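The chain contents come next:
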Amino acid sequence: MKKEKATLTVILQYSPNPQFEMTLNRFIDSSFIEKIFINHSGEYSSVHPKCEMVKTDSLTSGKTLNQVLAKIQTKYLLFILQVQNIKIIQFDLERMISIAEQTGAGMTYSDYYDAKGGSRFEHPLNEYQLGSIRDTFDFGHILFFSTYAVKKALKCYGKLEDVDKAGLYDLRLKVSIDHQLFHIQEYLYTKIKSDVRRNGERLFDYVNPSEHQIQKEMEMVATKHLKRIGAYLKPKYGKVPKYNIHFPVEASVVIPVQNRLNTVAEAIKSVLEQKADFPFNCIVVDNYSTDGTTQLLQHIAEKNPMVKHQIPPRTDLGIGGCWNEAIYSNNCGRYAIQLDSDDIYSRTDVLQKIVDEFHRNNYAMVIGSYKLMNRKLDEIPPGIIDHKEWTPGNGRNNALRINGLGAPRAFNTALLREFGGMPNVNYGEDYAIALRFSHQYQIGRIYEPLYLCRRWEGNTDAALSIEIANRNDHFKDKLRTIEILSRQQLNRKMK
């Protein structure tokens, strides 16, 4: 018996770019494609029988998607994002269908090529996991859904929320509950690259003030998803234990450093200029610098006993491991406060404000706000990063959606020791412990900028390769997976 050919519905957004018509014609000519929904805001029409116009300002609105999804009659649904820059051929569509058939996945997505300046570059993507709930997860530009999985998800978990930008996010989260989101590790299409900013320049897109309403939509969708999968935590917090431990000072500023000869002295200077009504020190963990940083730190420490220059006995430490060297040392104060070796405090009362916040509500951790600057200390967009999306009622749930919680970060040292310190990694070490702390305890926030974060070509995250960026994102998704599993266990025990 001959197997029936699987058919597709395509959803895409109209673009005046000439590439749009070329791509559309390829879809019209494909024997696999039965229906094409073209979203537009009133400036486009087509008389081809395969095409149906959907007048809307947003392809990702919940209302639009609910209307279109109700009309789908084919076995599969293909979402094309930024269609004007996509090149895909019939064979690649056949391959997507074949893998979708074999796996029974709710959604499949594939690696792709970036085309730029006449050259083509591989763009691999990450495996989706339980903790990949951030709305910035990179699926590429083509999402291949099983219509059965979509309709089942909408039947079980309700229609998509009435949102302007978070509809597609809501859809994939609902589909992911009962169906796999399958990564095809093959390069099945080409994307003409339009966002040429480096990875480091895109890090702060989600905290741009202009994105505030979108972020609230995303938070609402993510929170409902956590409730559906049993990982939501109510705003009830445990009390931070009182520790009968003697500390040499009330606060220690911790600066892990490796080869920052041109900036670390300024960072230390901003610590020594602090005015506080309690004793404090500065612990600089020098991770085997080779550029003269070690000699500079030795000179600074000899002149000022408040500066504690530590060289770890181990040579295999990341930033998290360097933090552990500081917090477990006899020099560490009751509170350990972060400062990167590239950056400086913006005012002389930073330590006072942070410690006062700890005392105000006995927090496990306090996080401030910062301002983005260039090397000359000129403010650069988006300016102040205050993470006002954090709320006492839902901050620890929303923390699973976003990629960072802010700076400077400060910790209750005794509690941090009890939790075993930080993972010995160079990325996400602070996010890991913040998730663990927020699981049980409340985190305090200061929304005034306390910190000048200097962005320059020497920053460790300024221009990451796609492989390193993927590795970093995968690690944070893994941390979220661990935290979600832990929260699910906790909620099951409490039933």
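Keep in mind that what you see is a predicted model, and the values were worked out from it rather than measured.

Right, let's talk about the overall build of the protein chain for a bit. On a plain count of helices and strands, the protein chain comes out with 14 helices and 18 strands. Relative to its length of 495 residues, the protein chain is compact, with a C-alpha radius of gyration of 25 Å against a globular reference of 23 Å. Overall, the C-alpha framework of the protein chain stretches about 80 × 55 × 40 Å when taken along its three principal axes. For the protein chain, the proportion of contacts with a sequence separation of at least 24, taken over those separated by at least 6, is 79%. Of the roughly 22,200 Å² of accessible surface on the protein chain, a fraction of 51% belongs to carbon and sulfur atoms. Taking the average place of the 65 positive charges on the side chains of the protein chain and the average place of its 57 negative ones, the gap between the two points comes to 5 Å.

What follows covers the packing of helix H5 (residues 167-178) against helix H6 (residues 212-228). Where H5 contacts H6, the axes come no closer than 10 Å and their chain directions differ by 10°. With respect to H6, the element H5 is oriented roughly parallel. Along the contact surface, H5 presents Tyr-169, Asp-170, Leu-173, Lys-174, Ser-176 and Ile-177, while H6 presents Met-218, Val-221, Ala-222, His-225 and Arg-228.

With the exception of glycine, the majority of residues adopt a negative phi angle, and the majority of peptide bonds are in the trans configuration. Cis geometry marks the peptide bond from Pro-381 to Pro-382, where omega comes out at 0°. Position of Pro-382 among the secondary structure elements: in strand S16 (residues 379-385). In the segment running from Ala-407 into Pro-408, the intervening peptide bond is cis, with an omega of 0°. Here Pro-408 is to be found in the loop between helix H11 (395-398) and strand S17 (409-412). With a phi angle near 50°, His-387 is a residue other than glycine that sits in the positive phi range. Locating His-387 in the fold gives a position in the loop between S16 and H11. For His-387, a relative accessible area of 3% corresponds to the buried category.

Another aspect to go through is the packing of aromatic side chains. Inspection of the entire model under this criterion finds 19 aromatic pairs. Ring geometry for Phe-79 and Phe-145: centres 5.7 Å apart, planes at 75°, overall edge-to-face. Taken together, the residues Phe-79 in strand S4 (residues 76-80) and Phe-145 in strand S8 (residues 142-146) connect sequence positions 66 residues apart. A residue is classified by how much of its surface remains accessible, and Phe-79, at 0% relative accessible area, is buried. Here the aromatic rings of Tyr-345 and Tyr-451 are separated by 6.3 Å at their centres, their planes lie at 65°, and the arrangement is edge-to-face. Taken as a pair, Tyr-345 in strand S14 (residues 344-345) and Tyr-451 in strand S18 (residues 443-454) lie far apart in primary sequence, 106 residues in all. On the accessibility criterion, Tyr-451 (1% relative accessible area) is buried.

With that settled, the discussion passes to helix H13 (residues 429-440). With 10 of its 12 residues buried, H13 lies for the most part within the structure. Taken residue by residue, H13 has Glu-429, Asp-430, Tyr-431, Ala-432, Ile-433, Ala-434, Leu-435, Phe-437, Ser-438 and His-439 as its buried positions.

Attention shifts here to the packing of helix H7 (residues 264-272) against helix H8 (residues 293-303). Contact pair H7 / H8: the axes reach a minimum separation of 11 Å and the direction vectors enclose 25°. Relative to H8, the element H7 is oriented roughly parallel. In this structure, H7 crosses over H8, and the sense of that crossing is right-handed. Where H7 approaches H8, its residues Val-264, Ala-265 and Ile-268 are matched on the opposing element by Thr-293, Leu-296, Leu-297 and Ile-300. Partitioning the contact of H7 with H8 into residue classes produces six nonpolar, one polar and no charged.

To continue, consider the side chain of Ser-58. Within the fold, Ser-58 resides in the loop between strand S3 (51-55) and helix H2 (62-69). Side chain to side chain, Ser-58 and Thr-60 meet in a polar contact 3.1 Å long. From its side chain, Ser-58 meets the backbone nitrogen of Ser-61 in a polar contact 3.4 Å long. Filtering out sequence-adjacent residues up to four positions away, Ser-58 remains in contact with Gln-13, Thr-64, Asp-164 and Lys-165.

Our next topic: the confidence of the model for the protein chain. Should pLDDT be low for a region, the predicted coordinates there are not to be read in detail. Per-residue pLDDT for the protein chain has a mean of 92; in total, 94% of the residues score no lower than 70. Counting interchain partners and residues more than four positions distant, the pLDDT-below-50 stretch residues 196-204 has 22 contacts.

The next thing to look at is the side chain of Asn-412. Within the secondary structure, Asn-412 sits in strand S17. Only 3.0 Å separates the side chain of Asn-412 from the backbone nitrogen of Leu-415, close enough to count as a polar contact. Setting aside anything within four residues of it in sequence, one finds Asn-412 in contact with Val-240, Tyr-243, Arg-334, Tyr-335, Phe-358, Tyr-363 and Ala-364.

Ranked by size, the top nonpolar core spans 105 residues in total, and within it Ile-36, Phe-79, Phe-145 and Leu-171 carry the most contacts. Top element by residues in this core is H13. It accounts for six residues. Excluding anything up to four places from it in sequence, Leu-171 contacts Leu-69, Phe-79, Phe-145, Val-150, Leu-154 and Leu-160.

In terms of residue burial, strand S10 (residues 251-257) counts as a mostly covered element, since seven of its seven residues are buried. Here seven bridges tie S10 to strand S11 (residues 280-286), and the two strands are oriented parallel to one another. Looking at the pairing, Ala-251 lines up with Phe-280 of S11. Crossover handedness for the path S10 to H7 to S11: right-handed. The sheet contact formed by S10 and strand S13 (residues 335-338) spans four bridges and is parallel. Along S13, the bridge assignment pairs Ala-251 with Tyr-335.

Looking now at the pattern of salt bridges. Evaluated as defined, the whole model comprises 24 salt bridges. Between Asp-342 and Arg-260 there is a salt bridge, and its shortest N-O distance comes to 2.8 Å. Here the residue Asp-342 occupies a position in the loop between S13 and S14, and Arg-260 occupies one in the loop between S10 and H7, the gap between them amounting to 82 residues. With respect to burial, Asp-342 and Arg-260 carry one shared label: buried. Overlapping salt bridges bring together Arg-347, Asp-349, Lys-353 and Glu-448 as one network.

What counts as what
- The numbers attached to residues start from 1 for each chain and follow its sequence in the written order.
- Restriction of local features to residues with pLDDT of at least 70 applies here, the model being predicted, together with a cutoff of 80 or more for giving and counting side-chain atom pairs; totals for whole chains, interfaces and linings are based on all residues.
- Hydrogens and water molecules were not included; the side-chain quantities draw on all heavy atoms of the structure.
- We count a stretch as a helix when DSSP gives it H or I for four or more residues in a row; a strand needs E for two or more, and each element gets its number in order from the N terminus.
- Each radius of gyration is computed over the set of C-alpha atoms, and the globule rule expresses the reference value as 2.2 Å times the number of residues to the power 0.38.
- It only takes one pair of heavy atoms within 4.5 Å for two residues to be counted as in contact.
- Note on areas: these come from Shrake-Rupley sampling with a 1.4 Å probe, and a residue is covered only by the protein chains present in the view.
- Positive charges come from Lys and Arg alone, negative charges from Asp and Glu alone, with His and the N- and C-terminal ends not counted.
- The location of each charge is read from NZ of Lys, CZ of Arg, CG of Asp or CD of Glu.
- Fitted lines through C-alpha atoms serve as axes, helices being fitted only where they are in contact, and the angles separating the N-to-C directions of these axes extend from 0 to 180 degrees.
- Should an angle fall under 35 degrees it is called roughly parallel, over 145 degrees roughly antiparallel, and 65 to 115 degrees roughly perpendicular, with every other angle called oblique.
- Only protein chains enter the accessibility calculation, which uses a 1.4 Å probe; a residue whose area is less than 20% of its type maximum is buried, one above 50% is exposed, and one in between is partly exposed.
- Between rings of Phe, Tyr and Trp, where Trp is taken as its six-membered ring, a pair exists when centres lie within 6.5 Å; planes separated by under 30 degrees are stacked, by over 60 edge-to-face, and by other angles tilted.
- Rotating anticlockwise by less than a right angle from the far helix to the near helix defines a left-handed crossing, while the corresponding clockwise rotation defines a right-handed one.
- Residue classes follow a fixed rule: Ala, Val, Leu, Ile, Met, Phe, Trp, Tyr, Cys and Pro count as nonpolar, while Asp, Glu, Lys and Arg count as charged, and any other residue, Gly among them, counts as polar.
- Side-chain atoms alone can form a polar contact between residues adjacent in sequence; in general such a contact is a pair of N or O atoms within 3.5 Å, and within protein one must be able to donate a hydrogen while the other accepts it.
- Within a predicted model, pLDDT stands for the predictor's per-residue confidence, ranging from 0 to 100.
- We define a nonpolar core as any set of buried Ala, Val, Leu, Ile, Met, Phe, Trp, Tyr and Cys residues linked to one another through side-chain atoms lying within 4.5 Å.
- DSSP calls a pair of strands paired once it identifies at least 2 bridges connecting them.
- Note on handedness: a crossover is taken as right-handed if, strands pointing away from the viewer, the path from the first strand over the helix to the second is clockwise.
- Put simply, a salt bridge is a Lys or Arg side-chain nitrogen that is within 4 Å of an Asp or Glu carboxyl oxygen.

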